[in-house]
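For reference, the chains in residue letters:
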Amino acid sequence: MVAEHNSEHLPNKAYVIILGLFVLGISTSPIYLVFTATGGLLCLSARRHYQWILGILFIMGMSITYSSRSVGLSAFDDFANVYYPLYQRVASVGLFQVLTERWNAFSISNIEVGLPILFGIFAIFSTEMSAKIVILLLTFLGGVFYLYWVITYLLPNVPRRKSNIALLLSLGLFSFGLCSQLARQMLSIPFFLAAISDRSSARSLFFLIIGTQFHLITVPLYLFFKCLKILPKITIFVSIFFGCILFMYGKAIAASILGVEVGILDKLLYYTSGNMDASDFSYRYLALPIAWSLFLLVGAKYNTILPTALVFLMAFFYGCFLMFPLLSFRLTLFVSAALLGPLIFFALMRLKNHTHQVYIALLIVTANQLRRFVFYDTDGEMSLWGSHAQFGQPFYYFY
């Protein structure tokens with residue numbers, strides 16, 4: 001009877017041991033978290049609750065990874081220079097006071113109240129969050145908002161058997177590192193994608209309003225998307241004509257706007273101030289629009305959700321706006337930061353062998369993670385693993 005009793009409870013004990021080892025593993029390294037989620041997506045069936053759980057595990061691993069980055073060493077660190085001081089100000093004097101101060105001298109960027117409100121919510125739980133905890137939360141929220149778009153809008157438009165591959169590539173190539181450096185725009189991108197993906201006008205408007213509260217670039221991009229849907233030929237013609245003029249006379253236009261008083265349109269201040277410190281930034285990533293255009297062409301037959309004309313024109317505009325520091329990169333950020341994974345997935349759909357699709361997706365995601373975990377820049381001013389290492393005691397990354 002004793003033997004039978006023990007044998008009946010052995011499986012339950014085994015599950016407890018396995019679960020304990022799993023929790024111990026994920027608590028000692030974000031790398032374990034990311035690759036556990038990766039393995040789960042490749043091995044488990046494509047069920048929505050599995051995808052949510054594994055997606056959140058992946059996002060948590062990446063959030064912990066990027067919360068380790070060095071802060072305050074670079075003059076171009078927007079988190080240290082803009083976002084963290086904003087959190088500290090909200091935590092110190094309160095959200096209402098901060099919003100009042102912003103509206104005393106009106107400018108167009110004052111409409112973007114999403115991030116101060118978010119920091120106000122953070123301050124409810126703690127007014128003394130460290131920089132790395134705020135980075136972790138911003139990265140986690142940016143990832144979860146994006147996961148919502150992927151699971152709600154992207155995955156229903158791909159074969160169910162392939163949906164885990166689509167999710168893995170989407171998360172594996174999502175720009176988690178920008179969620180603290182370009183926090184406002186990265187938080188707005190999932191809402192913009194939801195606004196152009198939802199068929200309900202009411203829900204689309206809701207997502208547009210939320211996205212606009214984080215970053216105003218959502219509005220012109222959404223209007224441009226609508227023009228492409230309503231008047232596609234005219235919009236494409238005007239875009240190409242306008243883009244060609246910018247490409248040919250970009251230097252003269254850029255020089256002519258230097259020193260122009262922008263008034264309440266302070267969003268344009270960077271481009272009129274003569275700050276050319278980042279003038280070559282967009283050139284360094286010129287391969288991105290070329291790559292996403294090729295992926296879009298290869299996977300066009302299987303793409304039923306991503307707006308083809310919009311993505312192609314974003315690649316075109318990337319080249320047209322190169323004369324303006326960072327503008328090419330920022331204008332097209334929703335493609336390079338959030339849509340590379342889905343575009344590669346649709347390109348992989350041309351392969352008929354499911355096993356080959358899995359192996360290629362795994363190779364791409366693994367290579368992208370290795371540059372964060374192993375082949376990272378140790379001397380960079382915003383390099384990873386500055387505040388905590390890749391491995392440590394249980395839950396060491398929270399302290």
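As a convention, each chain's residues are numbered from 1 in the sequence order in which they are written. Per-residue local features of the predicted model are confined to residues with pLDDT of at least 70, and side-chain atom pairs are confined, for both listing and counting, to 80 or more; whole-chain, interface and lining totals are unaffected and use all residues. Side-chain metrics in this entry use all non-hydrogen atoms of the structure; hydrogen atoms and water are not considered.

## A closer look at the packing of helix H7 (residues 131–154) against helix H8 (residues 163–172)
Here's step 1: Here an axis means a line fitted to C-alpha atoms, over the contact stretch when the element is a helix, while the angle between two N-to-C directions is reported on a 0 to 180 degree scale. Secondary structure elements follow DSSP: runs of H or I of four or more residues count as helices, runs of E of two or more count as strands, with numbering from the N terminus. H8 packs onto H7 with a crossing angle of 150° between their chain directions and a minimal axis gap of 11 Å. The orientation of H7 with respect to H8, classified from their angle, is roughly antiparallel. Here the hand of the crossing between H7 and H8 comes out right-handed. For the pair formed by H7 and H8, the contact residues are Tyr146, Leu147, Val150 and Leu154 on the first element and Leu167, Ser170 and Leu171 on the second.
Here's step 2: Here the nonpolar group is Ala, Val, Leu, Ile, Met, Phe, Trp, Tyr, Cys and Pro; Asp, Glu, Lys and Arg are the charged ones; every other residue, Gly included, is treated as polar. Each residue belonging to the contact of H7 with H8 can be placed in one class, and the counts come to 6 nonpolar, 1 polar and no charged. Oblique is the label for any angle not under 35 degrees, not over 145, and not in the 65 to 115 range, which are roughly parallel, roughly antiparallel and roughly perpendicular in turn. Note on convention: near helix rotated counterclockwise from far helix by under a right angle means a left-handed crossing. Clockwise means right-handed. Working rule for contacts: check all heavy atoms of both residues, and any pair within 4.5 Å makes them a contact.

## Focus: the confidence of the model for the chain
Here's step 1: Confidence of the predictor in every single residue is expressed as pLDDT, which spans 0 to 100. Averaged over every residue, the pLDDT of the chain is 86; the share at 70 or more is 86%.
Here's step 2: Between residues 1–10, whose pLDDT stays under 50, and residues either more than four places distant or in other chains, the model counts 0 contacts.

## Brief notes about the packing of aromatic side chains
Here's step 1: Aromatic contacts are taken between Phe, Tyr and Trp rings whose centres are within 6.5 Å, Trp giving its six-membered ring; a plane angle under 30 degrees counts as stacked, one over 60 as edge-to-face, and the others as tilted. Using the criterion set out here, one finds 26 aromatic pairs in the structure.
Here's step 2: With a centroid separation of 5.9 Å and an interplanar angle of 45°, the aromatic rings of Phe316 and Phe317 are classed as tilted.
Here's step 3: Overall, the relative accessible area of 28% leaves Phe316 in the partly exposed class.
Here's step 4: Grouping aromatic residues by their ring pairs yields a cluster made of Phe58, Tyr146, Trp149, Phe174 and Phe176. Summary of the burial criterion: residues with accessible area below 20% of their type's maximum are buried, those above 50% are exposed, and those between are partly exposed, where the area comes from a 1.4 Å probe applied to protein chains only.

## Digging into the pattern of salt bridges
It is possible for side chains of opposite charge to pair when their charged atoms get near one another.
Here's step 1: One side-chain nitrogen of Lys or Arg within 4 Å of one carboxyl oxygen of Asp or Glu is enough to make a salt bridge. With the rule as written, the count across this model stands at 4 salt bridges.
Here's step 2: In this structure, the salt-bridge partner of Asp77 is Arg69, at a minimum N-O distance of 3.0 Å. Across the pair, Arg69 and Asp77 agree in class, each one buried.
Here's step 3: Among the salt bridges present, the one from Asp198 reaches Arg203, with a minimum N-O distance of 2.9 Å.
Here's step 4: Assessed through its relative accessible area of 48%, Arg203 is described here as partly exposed.

## With respect to empty space enclosed by the protein
Here's step 1: With a 1 Å grid laid over protein atoms only, a set of points is called a cavity when a 1.4 Å probe fits there but cannot get out and a pocket when it is open yet has protein on both sides within 12 Å along at least five of seven lines; lining residues have an atom within 4 Å of a point. Grid points are joined across faces, edges and corners, and a volume is the space filled by probe spheres set on the points. In this structure the tally under the stated criterion is 1 cavity of 30 Å³ or more.
Here's step 2: Its volume calculated, the largest cavity comes out at about 40 Å³.
Here's step 3: Every residue along the wall of the largest cavity is listed here: Gln185, Ser188, Ile189, Phe192, Ile217, Thr218, Leu221 and Phe334.
Here's step 4: Elements with a contribution of two residues or more to the lining of the largest cavity: helix H10 (183–197) and helix H12 (218–230).
Here's step 5: It is H10 that contributes the most residues to the lining of the largest cavity, 4 residues altogether.
Here's step 6: Across the lining of the largest cavity, the residue classes tally to 5 nonpolar, 3 polar and no charged.

## Focus on the environment of Thr366
Here's step 1: Examined against the element boundaries, Thr366 turns out to sit in helix H21 (residues 354–373).
Here's step 2: Judged by its relative accessible area of 22%, Thr366 is partly exposed.
Here's step 3: The sequence separation of Thr366 and Gly172 amounts to 194 residues, and the corresponding C-alpha distance is 8.1 Å.
Here's step 4: Identification of polar contacts relies on pairs of N or O atoms within 3.5 Å, with a donor-acceptor requirement for protein atoms, meaning one able to donate a hydrogen and the other able to accept it, and with residues adjacent in sequence counted only if both atoms are side-chain atoms. There is a polar contact of 2.7 Å between the side chain of Thr366 and the backbone oxygen of Leu362.

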